[in-house]
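# Architecture at a glance
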Amino acid sequence: MADQQTVLGVWAGRSTFILAATGSAVGLGNIWKFPLITAEYGGGAFILVYLTCIALIGIPVMMAETVLGRRGRHSPMASIWKLARESDVGRRWSLLGWMGALTGFLILSFYSVIAGWALAFTWNLGVGDLRGLTGEQVGAHFDALVADPVRLTGWHTLFMVLTALVIARGIHKGLESSVRVIIPLLFVLLIALLGYSMIATDQFGRGCSFLFSLDFSQLTWEAVLAAMGQSFFALSLGMGAIMVYGAYMPNDASIVSAAITVTILNSVIALVVGMVIFPVVFANGVELSVGPRLLFVSLPAAFSQMPGGQIFGALFFMLVSLAALSSSISLIEPMVAWATERFSMSRIVAATIFSVLVWLIGMGTVFSFNLWSGEEYQFYGMTVFELLDFVTAKIMLPLSGLLTVIFAGWMMKRPVIYKALNLSLVRFNLWRALCRVIIPVCVFVMFAVSLYKALA
Ligand code: PHE
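These remarks concern the structure in this document. (Residues numbered from 1 in each chain as written. Predicted model: local features only at pLDDT ≥ 70, side-chain atom pairs only at ≥ 80, totals over all residues. Heavy atoms only, no water.)

### Re helix 9 (residues 204-212)
Listed as buried for helix 9 are Phe204, Gly207, Cys208 and Leu211. When helix 9 is viewed along its axis, its buried side chains cluster within an angular range of 95° and face the same direction. Buried residues along helix 9 sit against helix 2 (28-40), helix 3 (44-72), helix 8 (170-199) and helix 12 (255-283). (Buried < 20%, exposed > 50% of the residue type's maximum accessible area, 1.4 Å probe, protein only. Helix = DSSP H or I, 4+ residues; strand = E, 2+ residues; numbered from the N terminus. Arc of directions from axis to C-beta. Contact = heavy atoms within 4.5 Å.)

### Concerning the site of the ligand
Near the ligand, the surroundings consist of 15 residues, among which Ala25, Gly29, Asn30, Tyr111 and Phe233 are the closest. A distance of 2.7 Å separates an oxygen atom of the ligand from a polar atom in the side chain of tyrosine 111. Alanine 234 places a main-chain nitrogen or oxygen 3.1 Å from a nitrogen atom of the ligand. Summarising the interface, the protein chains cover 100% of the accessible area of the ligand, which totals 320 Å² for the free molecule. Listed by contribution, the elements that provide at least two residues to the shell around the ligand are helix 1 (16-25), helix 2, helix 10 (221-234) and helix 14 (309-343). (Near = heavy atom within 4 Å. Polar contact = N/O pair within 3.5 Å; in protein donor to acceptor, adjacent residues only side chain to side chain. Areas by Shrake-Rupley, 256 points an atom, 1.4 Å probe, with all protein chains shown as cover.)

### Brief notes about the packing of helix 14 against helix 15 (residues 347-368)
Helix 15 packs onto helix 14 with a crossing angle of 135° between their chain directions and a minimal axis gap of 9 Å. By the criterion of interaxial angle, the relationship of helix 14 to helix 15 is oblique. Like other packed secondary-structure pairs, helix 14 and helix 15 cross with a definite hand, here right-handed. Packed against helix 14, whose contacting residues are Ile332, Glu333, Met335, Val336, Trp338, Ala339 and Thr340, the element helix 15 presents Arg347, Ala350, Ala351, Phe354, Ser355 and Val358 at the interface. (Axes fitted to C-alpha atoms, helices over the stretch in contact; angles between N-to-C directions. Parallel < 35°, antiparallel > 145°, perpendicular 65-115°, else oblique. Left-handed = near helix turned anticlockwise from the far one by under 90°.)

And the structure:
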């Protein structure tokens, strides 16, 4: 097969996939959600379970998505269609590509609104709006922001414009160039922030022991499911993002080592972010709030009371915004790739159309916090934002993850995927056993339990 022939293009460097996939993986999920659920479910004990999920589920699924993308060399929708035909299985499998791309698309609609908050806080801290404010005052500032549909729309719009600009410039000048800047910058920012958290707070040890203490008493089944769900979201799996980046991967790059590298980088960054957040919050006696308020109230309040906190706080939120940007481009890329190959549409047109659509859907999330927060606008007791979050994260994501491994493990012909993965026989058999039995069972249980809990 003329593998490398594609209308979409191939990354210029062998390691670009690693940069791009790390950019996709590291995002709001790692920076905000990971420290939060780690603290909730018993620190180090939870981290152990999470790392096990990453190793046993995350890495094999990432390999499966990447290999499907690289073998298909098209958008996820067309790749799965092509591979289904090649493997003599029903073309209806292409729905899998569609489901992933649609999940990413819907996730981006609210991801962009939250990323807009990060932009807002970068600005507020940068210009000194929050200087010296107490936790309560920062809380009031945050409440005023989310209650204001105009300001929220402004930041959401700015974030979508940035996303569209990168996407419109194409895979080399847009995606590739941006991740080449963003990823090294993320590392520099993170190291600076870690240094700050070690030096400027006297709570580094306490923060770390909060994060890493082995408290098995809180390690419930619920925690295990949360770890599994987090490993999917954090690694950007089940949304066609990794698949489409795999489609641009040169044939001589190793899929296994790429998947392992991305996973390690992603986990290390998540842990280091936790080592910045908790010491800073503890050092300032700010109340440790839960949910979005940890990142958007406790943390800025803590920064705003520290020497140099304005600068480092602004840098922290810049880190969050950049990490979100390198994720958002991967959430929309499957749709844009599909439109360009299917209708020979220019990337500029495709990026504009899909960004406007995402922006429009995102307005539902913007209004969920203010104009539409009332009961009359809720569905089953959920606002538009909560509904989108629930449907995508709890239903569509596990389902498309499940179908992806079943497709790679059961539908693809063994010799084809063996050759494409280029593994030793023992490792290949291990990967296949995980994809055929172990992961589907785990993901199915996760899916069933979260659905049951939601409906019960
Ligand atoms: N992995 C990203 C995060 O942790 C979210 C994401 C999911 C991005 C799926 C792209 C695709 O924030």
